[in-house]
Amino acid sequence: MDRASIYFLDKNEQNTYKFDEELPPLPLPELHETMQRYYETLKPFGTEQELANSKKIIEKFEKEIGATLHAKLQERSSKMKNWLEEWWEKYAYHTSRISLYPYTVMAMPAKLECVNVQETPEYALKNLARMMYHTIEFWDLLRKGAIKPLSSDNGKIKYSSNLYKRFFSTTRVPGTHVDRIEKHFKTVDEGKTPCHGLISGKGRLFIFKTLRENGEMITPQELLVLLQRLRTILDYESVGDGIAVLTHDDRSLWAENRQRLQEVSAHNRDILQLVESSNVVVVLDENEPQDYGEIAQLVIAGDLHSKWGDRSSILIAYKNGKFGLVGDHSCYDGTISVSYILFIQLSLFETSEPDWSVSETLPLIALNELKFDLNDMIRKEIERVHCDSNSRSKDVLVTHEIFDDYGKDYIKLYKLHPDSFVQVILQLAYAELHNEIAPTYETALMRHFYNGRTETLRSCTNEVYNFIKIALNRHSSKMQIVQAFRAAVQHHKLMMDEARSGKGVDRHLFGLWCVAYQNEMEIPDLYSDPLYLKSGGEGNFLLSTSTLGYTANVGYVAPMLLDGYGAFYTITSQCIHILVTSYTKSKKSSGLKYVQCLLDTLRKIKSLLDEAQSVKL
C-alpha cells in the first residue's frame, strides 16, 4: 500500500471528476419487487397476525396510492441521473433542528502510531505542520483533479468523486426551517477557489494563506513557525470571545444569531465569508487525551468555543500531540474521511521528516486574527449556548476497542466474508445482552452510481434471526449453531450485493414518501404500520452500523435512537477496530456492556468454528 498506487492518476488517465460523468444513473427498483423485499424484512419482527395485517396494507398500497406515487417517481427518475440526491440531503439531514454536536457529526481519531509517528507533546507542532502541509497537498490534488477515484474489483468499478468537492471550503449554513450546503471549493477548470486556511483556539480565529502568489504551497517549515507563533499567542494572551460556540446551538436558533451577526456590521459579513470558505480548518484544542478512546470521546465535545461546527471537515490538534477529525455528515460520507486520513498517514510514512533547522531563516507567513463586532445580545447568546453545549457534550458515550484475537486473515480461512461475519456477531451480541433482536441498519455503498451515496441494508434478516434463536437455545448443538451462523453470514453477503446493486428497500420507500409529501398528498398507511416502525422504518434502527474498510481508521456517529447503539468497525489482517456509541441518558443501553458482550461473542464464535473444523479433520 502506497500513496502513488492509491491516489495519483497516471499521466494518461483523465481528470478525477470526468469519471463521474461515465457512471450509470441511480437505479429505481420496480414497485412490486420492493414491496416483496420489504415484507421479508418485517418477518423477524411480527407475529402472524401483525404480518397478515402488514401484508394487506402492502397489497393495498401497491395497487392503489403506491402505484400513483411510483409513476411520479419514475417520471422524476427519467429526467434525473440521481432522483434521490436532493431529497436525501434535505429531508434526511437538513430539516433536522438539533445541534450537530454531538448528535449528527461524523468523527474519528487520527491514528499516527500505526505509521510509526510519535504522538507526543514534543512532536505536537511538528506533526501538525506536516499534517497541515499534506492536507493542503490533498486539497491541491483535488483542485487539479489529479486524485484517483476510489474503486473496487481491482479498479474496474469506480466510485463517484463528487463528494470530494465538499470536503474543503464547504459549510452547512443554518436556516430557520431547513439548512443548506454552501460549497466554495472549485476545481482549476471551474475557476478561482479560496486558498486561505483557518486555525482556531481558545475562542479565537486566525487565517493564513496556504499558497504563495505563484501558486506554490507553503512548506512544513513555514507552517511550523506559524504554529509556534500562534501557540505563543494562545499561551500568553487572553481567551477570545468564543463566538464559534454559537454554531453548536439548535439550528433554528443559530440561524437567527447568524443573521444578527450580519446585521451588526458589514465587517461581520466579510469575516463570516472568510470563516465559512477557508480551505483547511484546524482547531488547537487544549485538552490532552491519553489514548484513541479519549480522542474519540473528545472529538465531538472538547473545545466547542473554538470549533466552527458548520464546517464540512475539521482537523483537531490536541495539546499533547494527539489528533482527531470531525465533519458534517450531510456534506459527504465516512469513506471520504477515511480516504483523507489514509492519505495523511501514507504521506507521513513515505516522506522523510523535513529539515526543521531552516525554519528560522524563512520569511514569516502572515497570520491575521478575525474579530467579529459583537453587541450585548450576541454576548448573552454566546454565554447561553456555551452552557447548553457543555451539558449536551456529555450525552453520547464513545467506546473504542481494538480486538486483536483475530482479524480478516482468520475469517477468510473459513471462507466467510469479513463484513458479513462481524455483522451477524454484532446482532447476536445485542440479543445476548438485551434478550431481543434489533432492527439493524448497515450502510450499503452506492457511489458506483452517479452522485450516489448510500442505501440501507436491513441486516436483521430471517437467516440472522434463525441463527440467533439457535445460538441462544441451550439445547442447540455446537454444530447446529455453526451451520446456522454460516448460513446467516452467507445470506448477508447476498443481501449486501443486492442492496449495492440498487435493489434495496429504504431509499425507494423514502422516495415514495417524498413524492407524497411534496405533492401535499396524504401520507399512506404503509408508513404508520406498527411493523414499519418496529423493523426500522423512519430511522428506528436500534443498531446503526457501518464498516469503513480494511485499515485501522474507524469513525462513528451517534446512535439513531435513545436506546440504540452505533457500532462501527474496520477489519485489518489481525485485528478488528471497533467504535461503539450510546446515549448516556438511556435507561436501557450501555455502550460499555455491549462492547464487552461483543468481544465475548467474537471469541465464542471463533471457539465454535475451530471446534467444528477439528471435528471434520
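Analysis parameters
- Residues numbered from 1 in each chain as written.
- Predicted model: local features only at pLDDT ≥ 70, side-chain atom pairs only at ≥ 80, totals over all residues.
- Heavy atoms only, no water.
- Helix = DSSP H or I, 4+ residues; strand = E, 2+ residues; numbered from the N terminus.
- Rg over C-alpha atoms; globule rule 2.2 N^0.38 Å.
- Areas by Shrake-Rupley, 256 points an atom, 1.4 Å probe, with all protein chains shown as cover.
- Lys, Arg positive; Asp, Glu negative; His and termini not counted.
- Charge placed at Lys NZ, Arg CZ, Asp CG, Glu CD.
- Pairing = 2+ DSSP bridges.
- Axes fitted to C-alpha atoms, helices over the stretch in contact; angles between N-to-C directions.
- Parallel < 35°, antiparallel > 145°, perpendicular 65-115°, else oblique.
- Left-handed = near helix turned anticlockwise from the far one by under 90°.
- Contact = heavy atoms within 4.5 Å.
- Nonpolar A, V, L, I, M, F, W, Y, C, P; charged D, E, K, R; others polar.
- UniProt positions renumbered as here; feature names shortened; annotations may be inferred.
- Core = buried A, V, L, I, M, F, W, Y, C linked by side-chain atoms within 4.5 Å.
- Buried < 20%, exposed > 50% of the residue type's maximum accessible area, 1.4 Å probe, protein only.
- Disulfide = S-S within 2.5 Å.
- Phe/Tyr/Trp six-rings, centres within 6.5 Å; stacked < 30°, edge-to-face > 60°.
- Lys NZ or Arg CZ within 6 Å of the ring centre and 35° of its normal.

Caption draft 1: Here's a closer look at the overall build of the protein chain. If you tally the helices and strands in the protein chain, you get 20 helices and 17 strands. Against the globule reference of 25 Å for 617 residues, the protein chain gives a C-alpha radius of gyration of 25 Å, in line with a compact fold. Of the roughly 25400 Å² of accessible surface on the protein chain, a fraction of 50% belongs to carbon and sulfur atoms. Looking at charge distribution, the protein chain has the averaged site of its 73 positive side-chain charges lying 2 Å from that of its 82 negative ones.

Caption draft 2: Highlighting the sheet that holds strand E7 (residues 204-209). Taken together, the seven strands give an open sheet; going across it, the order is E1-E10-E9-E8-E6-E7-E11, and neighbouring strands pair in mixed fashion. A single partner strand is all that each edge strand has here, and the edge strands are strand E1 (106-109) and strand E11 (368-370). Between one strand axis and the next, the sheet turns by 25° as a mean value, whatever way the strands run.

Caption draft 3: Just the packing of helix H16 (residues 462-472) against helix H17 (residues 478-500), in detail. At a minimum axis distance of 8 Å, the contact between H16 and H17 shows a crossing angle of 160°. Here H17 runs roughly antiparallel to H16, going by the angle between their axes. Relative to H17, H16 is oriented so that their crossing is left-handed. Within the contact between the two elements, H16 uses Glu463, Val464, Phe467, Ile470 and Ala471 and H17 uses Gln480, Ile481, Ala484, Phe485, Ala487, Ala488 and His491. Partitioning the contact of H16 with H17 into residue classes produces nine nonpolar, two polar and one charged.

Caption draft 4: Highlighting the UniProt feature "domain: Choline/carnitine acyltransferase" (unreviewed entry) in the protein chain. Here, UniProt's "domain: Choline/carnitine acyltransferase" (unreviewed entry) annotation points to residues 26-598. Secondary structure content for residues 26-598 is 43% helix and 15% strand, while the C-alpha to C-alpha distance between its ends is 36 Å.

Caption draft 5: Just the nonpolar core, in detail. One finds Leu128, Phe138, Ile199, Ile243, Trp308, Phe372 and Tyr556 to be the most contacted residues of the largest nonpolar core, which totals 108 residues. Formed by 79 residues, the second largest nonpolar core is a distinct cluster that contains Val482, Cys514, Leu526 and Cys597.

Caption draft 6: A look at the state of the cysteines. By the definition in use, this model includes zero disulfides. Between cysteine 460, a cysteine without a disulfide, and cysteine 597, which holds the nearest cysteine sulfur, the sulfur-to-sulfur distance is 15 Å. Under the relative-accessibility criterion, cysteine 460 is labelled buried at 5%.

Caption draft 7: Quick look at the packing of aromatic side chains. Going through the model one piece at a time under the given rule, you end up with 29 aromatic pairs. When the centroid spacing of 6.0 Å and the interplanar angle of 75° are considered together, the rings of phenylalanine 138 and tyrosine 164 count as edge-to-face. With phenylalanine 138 in helix H7 (residues 124-143) and tyrosine 164 in the loop between strand E3 (157-158) and strand E4 (170-173), this residue pair connects regions lying 26 residues apart in the sequence. The class for phenylalanine 138 is buried, based on a relative accessible area of 0%. Between phenylalanine 167 and tyrosine 340, the ring centres sit 4.9 Å apart and the planes meet at 45°, which makes this aromatic pair tilted. Residue phenylalanine 167 is found in the loop between E3 and E4, and its partner tyrosine 340 is found in helix H12 (residues 334-350); the two are separated by 173 residues along the sequence. For the pair phenylalanine 167 and tyrosine 340, a shared accessibility class is recorded, and that class is buried. Aromatic rings pair up to connect Tyr7, Phe138, Tyr164, Phe167, Phe168, Tyr332, Tyr340 and Phe343 into one cluster. Here lysine 469 stacks its cationic end above the ring of tyrosine 465, 4.5 Å away from the centre of that ring. If you follow arginine 507 out to its NZ or CZ, it ends over the ring of tryptophan 88, 3.9 Å from the centre.

Caption draft 8: Looking closely at the UniProt feature "active site" (unreviewed entry) in the protein chain. UniProt records the feature "active site" (unreviewed entry) for His329 in the present numbering. Turning to its location among the elements, histidine 329 is positioned in the loop between strand E10 (323-327) and H12. Taking the relative accessible area as the measure of exposure, histidine 329 reaches 18% and is therefore buried. Once residues within four sequence positions are removed from consideration, histidine 329 is found in contact with Tyr93, Thr104, Met106, Arg453 and Val557.

Caption draft 9: Examining the pairing of strand E13 (residues 440-445) more closely. Counting buried residues along E13, five of its six residues qualify, which places the element largely inside the surrounding structure. Examined bridge by bridge, E13 and strand E15 (residues 543-547) share three bridges and lie parallel to one another. Within E15, the residue paired with glutamate 442 across the bridge is threonine 545. For E13 and strand E14 (residues 454-458), the ladder comprises five bridges, and the chain directions are antiparallel. Residue leucine 445 lies in a different strand from E14, and its bridge partner there is threonine 454.

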